[in-house]
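Descriptive structure summary
Each chain, letter by letter, is given below.
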Amino acid sequence: MSTQYDVTETLDVKGLSCPMPVVKTKQTIDDLQPGDVLEVLATDRGSLSDIEGWAESTDGVELLDQRETEDGGERVYEHYLRHAG
Amino acid sequence: MSTETPAGTAEGDVAALQAELEELREEVATLKDDADDGAKKMTIIATKGSLDMAYPPLILASTAAAFDWDVTVFHTFWGLDILHEEQSKNLKLSAVGNPSMGVPNLVAAVPGMDTVATKMMARRIEDNGTASIEELIDLALDQGAELQACQMTADLMDYEDDEFYEGVTTGVGAAAALADMGDADIQLLV
């Protein structure tokens, strides 16, 4: 079984394409507190590399996990990020 | 002893070296601070005002702002239409001279073809969940990107300051753009 994160907030950007997943993730995580975990649900395949690259070069953001799931025949990319202060 | 050095001088040397070492340490610390301080800086010059060419500068600007980079987009010539509230809603896609569209120039030049091509593109943009130009402008400004309107072009096109989106920086010239590019890490011309 995969790790369950204690998610503080979920951001649903399904149906939105580049650059929205990254931009909205940034805006949402800025409003969270250090230690909080943000779950991002996207359908944009590019969000995998986009969010990974963004998290890598952004201070105070830690990428915990990225997963691919299916939701009603639609591929959903789940991202888990921690506000690292 | 033959190697004897006058005590006073040796102590003086050590003190001088220590002082120099301290100075160097401080200098290194300052340089380190300067090197880390800093968000990257990107300047984009947007010169094109067709629907397809309006996207790259705005997408890059809003994404760079999400990286906390310092972003400036200088809009000049047709690129100024992107910032013009009314014009930005009527940006067109041209099928003429655009090999990617797969329409022969002779056909592409038929009156009304640009409208057809623009409508097709607009439909695809909507279906794909791609943001509109207006949304991207709001997003970029919201995140602190500076969108500048070239004054010379504004005068040339007869655009007034209040015709641009709120938050757009007006009254900017080539010298300001160059000064900005001078200390940017990344400079792009679109």
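Nothing here was measured: the structure is a model prediction, and the numbers come from that model. (Residues numbered from 1 in each chain as written. Chains lettered and ligands numbered in written order. Predicted model: local features only at pLDDT ≥ 70, side-chain atom pairs only at ≥ 80, totals over all residues.)

Attention now moves to unusual backbone geometry. The general pattern is negative phi for most residues beyond glycine and trans for most peptide bonds. Residue Pro19(A) follows Cys18(A) across a cis peptide bond; omega there is 10°. In this structure, Pro19(A) sits in the loop between strand E1 (9-13) and helix H1 (20-30). Non-glycine residue Asp158(B) carries a positive phi angle of around 65°. Within the secondary structure, Asp158(B) is located in the loop between helix H6 (151-157) and strand E4 (169-172). (Helix = DSSP H or I, 4+ residues; strand = E, 2+ residues; numbered from the N terminus.)

So, on to the sheet that holds strand E2 (residues 70-75) of chain B. All names here are of chain B. The strand order E4-E3-E2-E1-E5 describes an open sheet built from five strands, whose pairing is parallel. Across the chains shown, the open sheet's two edge strands, defined by having one partner strand only, are E4 and strand E5 (186-189). On average, each strand axis in the sheet is inclined to that of its neighbour by 20°, with strand direction left out of account. The sheet contact formed by strand E3 (residues 146-150) and E4 spans two bridges and is parallel. Bridging from a neighbouring strand, Gln148 pairs with Thr169 of E4. (Pairing = 2+ DSSP bridges. Axes fitted to C-alpha atoms, helices over the stretch in contact; angles between N-to-C directions.)

Parsing chain B into structural domains produces domain 1 (1-37) and domain 2 (40-189). Relative placement of domain 1 of chain B and domain 2 of chain B: their C-alpha centres are 55 Å apart. (Domains from an automatic or database assignment.)

Residue-level contacts link 12 residues of chain A with 11 residues of chain B. The element that contributes the greatest number of residues to the side of chain A that touches chain B is H1(A), accounting for four residues. Of the residues assigned to the side of chain A that touches chain B, the class counts are seven nonpolar, four polar and one charged. (Contact = placed C-beta atoms within 7 Å. Nonpolar A, V, L, I, M, F, W, Y, C, P; charged D, E, K, R; others polar.)

Residue and element names in this part refer to chain A. The strand order across the open sheet built from four strands is E1-E2-E4-E3, with neighbouring strands paired in mixed fashion. Of all strands in the sheet, those with a lone pairing partner are E1 and strand E3 (61-71), marking the two edges. For this sheet, the mean angle separating the axes of adjacent strands, direction not counted, is 20°. Note: E3 against strand E4 (residues 74-83), 10 bridges, orientation antiparallel. Each residue of the ladder has a partner; that of Gln66, found in E4, is His79. Along the sheet, H1 contacts E1, strand E2 (37-42), E3 and E4; its crossing angle with E1, the most-contacted strand, is approximately 155°.

For the rest of this paragraph, the subject is the pairing of E4(A). Residues and elements named next belong to chain A. Sheet analysis places E2 next to E4, joined by six bridges and oriented antiparallel. By the bridge assignment for E4, Ala42 is matched with Tyr77. Where E3 folds back onto E4 in an antiparallel hairpin, the turn is made up of two residues, including Gly72, whose phi is positive at roughly 60°.

Let us now look at the nonpolar core. All names here are of chain B. Counting residues in each nonpolar core, the largest one holds 54 residues, and the members touching the most others are Leu58, Ala61, Ala65, Val71, Val73, Ala140 and Ala149. Among the elements that take part in this core, helix H2 (residues 51-66) stands out by supplying 10 residues, more than any other. Not counting residues within four places of it along the chain, the set of residues in contact with Ala149 comprises His75, Leu80, Leu83, Ala154, Phe164, Val168, Thr169, Thr170 and Val172. (Core = buried A, V, L, I, M, F, W, Y, C linked by C-beta atoms within 7 Å. Buried ≥ 20, exposed ≤ 12 C-beta atoms within 10 Å, placed from the backbone.)

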